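Structural overview for review
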Amino acid sequence: MESQQVNPWRALIALCIGFFMILVDSTIVSVAIPALQEGLHTNINNAVWVVSAYLLAYAVPLLVAGRLGDRFGPRRLYLIGLAIFTVSSLWCGLTDSIGMLIAARVTQGLGAALMTPQTMAVITRTFPGERRGQAMSLWGAVAGVATLVGPVLGGVITTSWGWEWIFYVNVPVGVIGFALAWWLVPSLPVHSHSFDWVGVALSGVGLFCLVFGIQEGESYDWGTMWSFVSVPLLIAVGLVLMAIFLWWQSRTTSDPLVPLVLFKDRNFSLANIAISIVGFVITAFALPMMLYAQVVRELSPTQAGLLFVPMAVVNVIGAPFVGQLVDRYHPSLIGGFGLVCLTVSLFWLGAVLTPGAATWQLLLPLALLGLANAFMWSPLSVTATRTLPPQRAGAGAGVYNMTRQVGAVIGSAAIAAVMESRLHAHLGASAGSYSATEGSGGAAVHLPAVVADGFSRAMGESLYLPAALAIVAVAAVAFFRNPHRPRATELEKQAAATP
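In every chain, residue numbers begin from 1 and rise along the written sequence. Residues qualify for local features only when their pLDDT is at least 70, as the model is predicted, and side-chain atom pairs are given and counted only at 80 or more; totals for whole chains, interfaces and linings, by contrast, use all residues. Hydrogen atoms and water are omitted, and side-chain values are computed over all heavy atoms in the structure.

1. Observations regarding the overall build of the protein
Stated precisely, the cut-off is as follows: Only DSSP runs of H or I reaching four residues or more are called helices, and only runs of E reaching two or more are called strands; each is numbered from the N terminus. Each residue gets one of three labels from its accessible area relative to the maximum for its type: buried under 20%, exposed over 50%, partly exposed in between, using a 1.4 Å probe on protein chains only. Between two residues, a contact is recorded if the distance between any of their heavy atoms is within 4.5 Å. Accessible surface area values rest on a Shrake-Rupley calculation with a 1.4 Å probe, where residue burial reflects the displayed protein chains alone.
A count of helices and strands for the protein gives 20 helices and two strands. For the protein, buried positions account for 61% of its 499 residues. Pairs at least 24 apart in sequence give 85% of the contacts found in the protein among residues at least 6 apart. Accessible surface computed for the protein: about 18300 Å², of which carbon and sulfur atoms make up 67%.

Right, dumping it as C-alpha cells:
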C-alpha cells in the first residue's frame, strides 16, 4: 500500500510550505491595493485585476493540473509549479507598470495551479482512510491561516519596504520549499490518462468571459463594450460555454477533466458547493475592508493588516481543536457551525463600517470570522475527499480546488462590481475620484469628511453579498451524510468493482 512506503507527515509538512505561500498570495495583495494604485499610477479597477488575474490563472488550469499529476507524478508537477511560482514572484516585484504586473501575476497563478492539486493528491494516496482526517485537518488549517495571514503580512511588508516586497519575500521561501519537497515528498506510482483539451478550452474561455464581464460591467454601465459586444452578451457567452463544458464532460469518451461520477457521492457534491462559496466569501470580504481601513480611517497598510490579527489568532487556536473533532463527529455540525459564524460575522461587519466606529467594534466580528475559518476548512476538505480511491485522487483534488478557486475569482470580480455600484449609489458621479490616484503625482486621494459616511456605507453594503451567499453554504453542509458510519459510498463500490 502506498501509505506504508513513506513517512506521510514529513511529506505533508514539506508540501504545506508551498501551499501556504500560494494561498497567502491570494489575499496578500488586497492590503497593498492603495499602494499599488499610487506606485503604478492606476485606478482601483486595474488594481483589482492584479488580484483577479492571479485567481483566474490559478483556477482555469487546476483540472488539467490534477490530471498531469496523475500522469507524471504529483511530486514532479509540484516542483515544476513551485519553480514557476518562485521565478514569477521575482518578476512581479521587478515590474514598473500595471500591465506587466498583471502578466507576471498570470504566470504566478499558472505555477500555483500546478502545485495545489498535488498536495491533496499526496494526502489521499499516502494516508490511510482512518488517518486522512487528521492530515486534511492540517491541510485545511494551513488554508485557513494563509487566507487570514495574507492581509496582516501584506500590511507590514508594504509599510516597511514597499509593495514590491510582498512578491520578493516569496523567493527565499520558494527556494526552501523546493529543497524540502525534493527531499521529503515521495515519487508515487503514476496512472495513464488522456487529456481532454476540448474541455480545457471550453472551461478556460467560458470562465474568462464570465469573470471579465462581471468585473468590467460597472465600468461600461452594464452596456456595450465595443462594437456588438456587450457586458450581458459576454456573461451569457461565459455561462453557455460552461454549460457546454458540463455537457461535454458527460459525453466525452476520453478521460474527462471533471469525472461526473465523483458527483454521485452526495458529500463530494455538497462540499464542492460549500467550498466554492467559501472561496468567494474569503476573497470578496478583504477588498472593501482594506479600502475602508485605509481610505476612510486613513490607517497605514500595517495598521489595516493588524485589524486581521484577531482572525488569525482565533483560527490558529481553534484549528487543532477542530482537527480532533473531524474524525469523530458529523461534519454538518462542525462545518455548519463554522459557516453560521461566517454568515453572522459578515452581516455584523457590514453594519458597523462607519467613519466613527470604534476599533473594538471591528475586531469583534473579525474574531468571529477567525472562529468560522477554524471550523469550516477542515470538515469541508475531509468530507469531500474521504472516500476518493487512489485512481481518482488527482481528478478529485483538481475538481475540489478548482471549485474553490472559481468561487474566489468570481468573488474578486463580483465584489469589484458591487463596490463600484454602491459607491456610485452613495457618492454619485464623484465616486471615481475616491477610488483612483491623482494624475502624474500619484498621491492618493484622501476622503473628505463630508463623503466619508457614504464611502463607508458603500463598503459595508458590499459585504452583504458574500454574507448572503454564505447562507447557501450553511444549507449545503446541513445535508452532509455522516461519513463515519460503516457504509460504502458509490465511489467505494465502483472502486471495489474496478479490476
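Further notes follow.
2. A look at the pattern of salt bridges
If the charged atoms of two oppositely charged side chains come close together, the side chains can form a pair. Threshold: Between Lys or Arg on one side and Asp or Glu on the other, a salt bridge is scored when a side-chain nitrogen of the former is within 4 Å of a carboxyl oxygen of the latter.
The tally for this structure, following the rule as stated, stands at two salt bridges. In this structure, Arg105 engages Asp25 in a salt bridge whose closest nitrogen and oxygen atoms are separated by 3.3 Å. Here Asp25 lies in helix H1 (residues 8-27) and Arg105 lies in helix H6 (residues 98-126), a separation of 80 residues in the sequence.

3. Topic: the packing of aromatic side chains
Heads up, the condition is: The aromatic pairing rule takes the rings of Phe, Tyr and Trp, using the six-membered ring of Trp, and pairs them if the centres are within 6.5 Å, calling planes under 30 degrees apart stacked, those over 60 edge-to-face and the rest tilted.
Applying the stated criterion across every chain yields a total of nine aromatic pairs. Measuring from ring centre to ring centre gives 5.0 Å for Trp165 and Tyr168, while their planes differ by 75°; the resulting arrangement is edge-to-face. Placement of the pair is Trp165 and Tyr168 together in helix H8 (residues 165-168), with a separation of three residues, close to one helical turn.

4. Topic: the environment of Trp91
Mapped onto the elements, Trp91 comes out in helix H5 (residues 74-94). In this structure Trp91 comes out as partly exposed when scored by relative accessible area, which is 32%. Sequence spacing of Trp91 and Glu164 is 73 residues, and the spatial spacing of their C-alpha atoms is 9.8 Å. Filtering out sequence-adjacent residues up to four positions away, Trp91 remains in contact with Met100, Ala103, Ala104 and Thr107.

5. A look at helix H11 (residues 231-251)
Quick note on the threshold: Expected helix span is taken as 1.5 Å per residue step, with the number of steps being one fewer than the number of residues.
Between its first and last C-alpha atoms H11 spans 30 Å; for 21 residues at 1.5 Å apiece the expected length is 30 Å, and the two agree. Buried-residue contacts for H11 involve helix H4 (62-72), helix H10 (197-216), strand E1 (224-226) and strand E2 (229-230).

6. Some points on the layout of surface pockets
Where we set the bar: With a 1 Å grid laid over protein atoms only, a set of points is called a cavity when a 1.4 Å probe fits there but cannot get out and a pocket when it is open yet has protein on both sides within 12 Å along at least five of seven lines; lining residues have an atom within 4 Å of a point. Grid points are joined across faces, edges and corners, and a volume is the space filled by probe spheres set on the points. For this scheme, ten residues count as nonpolar: Ala, Val, Leu, Ile, Met, Phe, Trp, Tyr, Cys and Pro. Four count as charged, namely Asp, Glu, Lys and Arg, and the remainder, Gly too, count as polar.
Approximately 480 Å³ is the volume attributed to the largest pocket. Around the largest pocket sit 21 residues that line it, and Met242, Ser276, Met402, Thr403 and Val406 are the ones nearest its centre. Among the secondary structure elements, those contributing two or more residues to the lining of the largest pocket are H10, H11, helix H12 (266-296) and helix H17 (393-427). Taken together, the residues that form the lining of the largest pocket break down as 16 nonpolar, five polar and no charged.

7. Regarding the nonpolar core
Stated formally: As used here, the term nonpolar core means buried Ala, Val, Leu, Ile, Met, Phe, Trp, Tyr and Cys residues forming a set that is joined through side-chain atoms within 4.5 Å.
Ranked by internal contacts, the top residues of the largest apolar core, which has 147 residues, are Val29, Phe285, Phe308, Leu342, Leu366 and Met459. At 21 residues, H12 tops the list of elements feeding residues into this core. Membership of the second largest hydrophobic core comes to seven residues, among which are Val322, Ile334, Ala374 and Phe375.

8. A closer look at the packing of H4 against H5
The test is simple: For helices, the fitted line uses only the C-alpha atoms of the stretch in contact; every axis is such a line through C-alpha atoms, and the angle between N-to-C directions lies from 0 to 180 degrees. Relative orientations are named as follows: roughly parallel for angles under 35 degrees, roughly antiparallel for angles over 145 degrees, roughly perpendicular for angles from 65 to 115 degrees, and oblique for any other angle.
Between H4 and H5, the shortest axis-to-axis distance is 6 Å and the interhelical angle comes to 130°. Between H4 and H5, the angle falls in the class oblique. Across the interface between the two elements, Leu68, Gly69 and Phe72 of H4 pack against Pro74, Arg76 and Leu77 of H5. Grouping the amino acids of the contact of H4 with H5 by side-chain chemistry returns four nonpolar, one polar and one charged.

9. Overview of the side chain of Thr302
This is how it is decided: By the criterion applied in these results, polar contacts are pairs of N or O atoms within 3.5 Å in which, for protein atoms, one can donate a hydrogen and the other can accept it, and in which residues neighboring in sequence qualify only through two side-chain atoms.
Tracing the backbone through its elements, the reader meets Thr302 in helix H13 (residues 301-306). Within the structure, Thr302 has its side chain in polar contact with the backbone oxygen of Gly155 (distance 2.8 Å). In contact with Thr302, not counting residues within four places along its chain, are Gly155, Val156 and Thr159.

10. Focus on empty space enclosed by the protein
In the structure shown here, the tally under the stated rule is three cavities of 30 Å³ or more. A volume near 50 Å³ is recorded for the second largest cavity. Around the second largest cavity sit Val60, Leu63, Ser203, Gly204, Leu207, Met242, Phe245, Met402 and Val406, which together line it. Put simply, the parts of the chain that give the lining of the second largest cavity at least two residues each are H10, H11 and H17. Counting residues per element, the lining of the second largest cavity draws most heavily on H10, which supplies three residues. Residues that form the lining of the second largest cavity fall into these classes: seven nonpolar, two polar and no charged.

Structural measurements only, silent on function.
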